Amino acid sequence: MSQIRAKIEKVLDNAERLNEVLNAFLTIDREYALKRADELENSPIHGKLHGVPIAVKDNICTSWTRTTCASRILANYRPQYNATVVEKLLAEGAVIIGKTNMDEFAMGSSNENSAFGIVRNPWDLERVPGGSSGGSAAAVAAGIVDVALGSDTGGSIRQPASFCGVFGIKPTYGRVSRYGLVAFGSSLDQIGVFGRTTRNVAEVLEVISGRDERDATSADVPVPEYTKQLDDEIKGVKIGFPRSLFGEGLDAEVKSTIEQAIENFASIGAEIVEIDLPLLKYGIAVYYIIATAEASSNLARYDGVRYGFRAEDVHELRQMYYKTREEGFGAEVKRRIMLGTYVLSSGYYDAYYAKAQKVRTLLRSDFQAAFQKCDVIITPTSPTVAFRIGEKTDDPLAMYLSDVYTVTANLVSIPGISVPCGLSKEGLPIGMQILGNYWSESLLLRLSNAYELFFPIQAKPKVWVEKE
Ligand code: GLN
């Protein structure tokens, strides 16, 4: 048997077996993946990701298999085309083994909003993996794949990466094409990468980045060879420490772990400077206005005519719309559509949406002022470790508040990475978030790589693929 086929078969076996416990995949396409493995085996072209198995979040379009966004409304939707990132992965020889579970339409922080069941955290099966890219994070954490794609609108890569003890980067807005990413909040959405190691992340980010004619918001900025810059010196890099963000609401163990991580960076040559981000406290309010406003507009297209599911037993058009959306969307998606419609309605537009846009601009200045003093900023990725399944489902506000450290990067369009930096007493992963200025992915990856080399975390999650 060919080598690539043997490898992919093993990955598929692991994915299928562990999926019974984790529910990390919505689709595992064995037939497609094995055919692809055979094609690659005979191909004279060896791309940068030749034969590398990759999992892709199920809001990224794949033409050969369904793309559901973990929603009933798209349960059987098969796109006509591949997302640009998928095309780029395929062009470099990657093997996409399946599509990962997520919060419906990427709305959530725990993966409990999937229409197709929760995902379990490989470190503790009674806990959430984070969200919305919980399936991708769990698949990487359990060792099924070394890399997976996710999307991040307000933290959906960084927060699950933190909860699952893996690396996860959200690039600068415009770094990666959104063509073929099902839209949630178009001014916030970015596709990014989960990896077992920083190098895994760098390898894939390098492939998927760059200007795309089919996404007018993708930027014409040269893509560095991230992998070649990983080992560059980090001496003298100025790390901003926003002390005021290490206060109320932050779990004591997470706090001390991140403070230790900052000291660790100092011990390998980074310089620590105190900074202030006085407006960051408005991030959650601004985010949940802008994200819901954009979502309410983007999700108007699911009307039972153009895509996927249509309710049965309907007798006229309006009723068909109502019933399709009533049956097709889950509770959180409906909540967001209502919130978004409200903040955009003529009577409240100025008070909410327009105001939020103004504060968004002020937040940008806040960060630019901070980046005069430092190269990067370190915060916790999440105020707590992975919480228990069901713990926050009855309290949407508590769920929203857990995004306090991540949403601002999307509002101001800057990149951020979550780096595993410790375990709690209960043995749950803790992640630090490193934020940088526009286009600083290379620096973020370099810092992440240095931390990984000098302060590695040896522990493995409870659910882990067998030894090779
Ligand atoms: N947790 C945030 C939300 O629920 C972020 C989601 C995301 O990044 N897709 O909107």
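Shown above is the structure to which this text applies.
Keep in mind the model is a prediction, meaning the values are calculated, not measured.

Overview of the packing of helix H11 (residues 331–344) against helix H12 (residues 349–373)
Working step 1: Viewed as axis vectors pointing N to C, H11 and H12 meet at an angle of 100°, and their least axial separation amounts to 7 Å. Taken together, the axes of H11 and H12 lie roughly perpendicular to each other. From H11, Tyr342, Val343 and Leu344 reach across to H12, where they touch Tyr349, Tyr352 and Tyr353.
Working step 2: Within the contact of H11 with H12, the residues separate by chemical class into 6 nonpolar, no polar and no charged.

Focus: helix H10 (residues 317–328)
Along an α-helix, residues three or four apart share an orientation, since each turn contains 3.6 residues.
Working step 1: If you check H10, its first and last C-alpha atoms are 16 Å apart, about what 12 residues at 1.5 Å a residue would give, namely 16 Å.
Working step 2: Those residues of H10 that fall on the buried side of the exposure criterion are Met320, Thr324 and Gly328. When H10 is viewed along its axis, its buried side chains cluster within an angular range of 35° and face the same direction. Projecting away from the buried face of H10 at angles above 90 degrees are the exposed residues Arg318 and Tyr322.

Here we look at empty space enclosed by the protein
Working step 1: A complete count under the given rule lists 1 cavity of 30 Å³ or more for this structure.
Working step 2: Estimated volume of the largest cavity: approximately 90 Å³.
Working step 3: What lines the largest cavity is a set of 14 residues, among which Gly108, Ser109, Ser156, Tyr287 and Asp403 lie closest to the centre.
Working step 4: Its residues assigned to classes, the lining of the largest cavity shows 4 nonpolar, 8 polar and 2 charged.

Observations concerning the pattern of salt bridges
Working step 1: Tallied over the entire structure, the rule returns 24 salt bridges.
Working step 2: Of the charged contacts in the structure, one is a salt bridge between Glu274 and Arg243, with a shortest N-O distance of 2.5 Å. Here the residue Glu274 occupies a position in strand S8 (residues 271–274), and Arg243 occupies one in the loop between strand S7 (238–241) and helix H8 (252–267), the gap between them amounting to 31 residues.
Working step 3: Owing to a relative accessible area of 48%, Arg243 belongs among the partly exposed residues under this scheme.

The rules behind each value
Residues numbered from 1 in each chain as written. Predicted model: local features only at pLDDT ≥ 70, side-chain atom pairs only at ≥ 80, totals over all residues. Heavy atoms only, no water. Axes fitted to C-alpha atoms, helices over the stretch in contact; angles between N-to-C directions. Helix = DSSP H or I, 4+ residues; strand = E, 2+ residues; numbered from the N terminus. Parallel < 35°, antiparallel > 145°, perpendicular 65-115°, else oblique. Contact = heavy atoms within 4.5 Å. Nonpolar A, V, L, I, M, F, W, Y, C, P; charged D, E, K, R; others polar. Expected span 1.5 Å × (residues − 1). Buried < 20%, exposed > 50% of the residue type's maximum accessible area, 1.4 Å probe, protein only. Arc of directions from axis to C-beta. 1 Å grid on protein atoms, 1.4 Å probe; cavity = no way out; pocket = protein on both sides within 12 Å on 5 of 7 lines; lining within 4 Å. Points joined across faces, edges and corners; volume = space filled by probe spheres on them. Salt bridge = Lys/Arg side-chain N within 4 Å of Asp/Glu carboxyl O.

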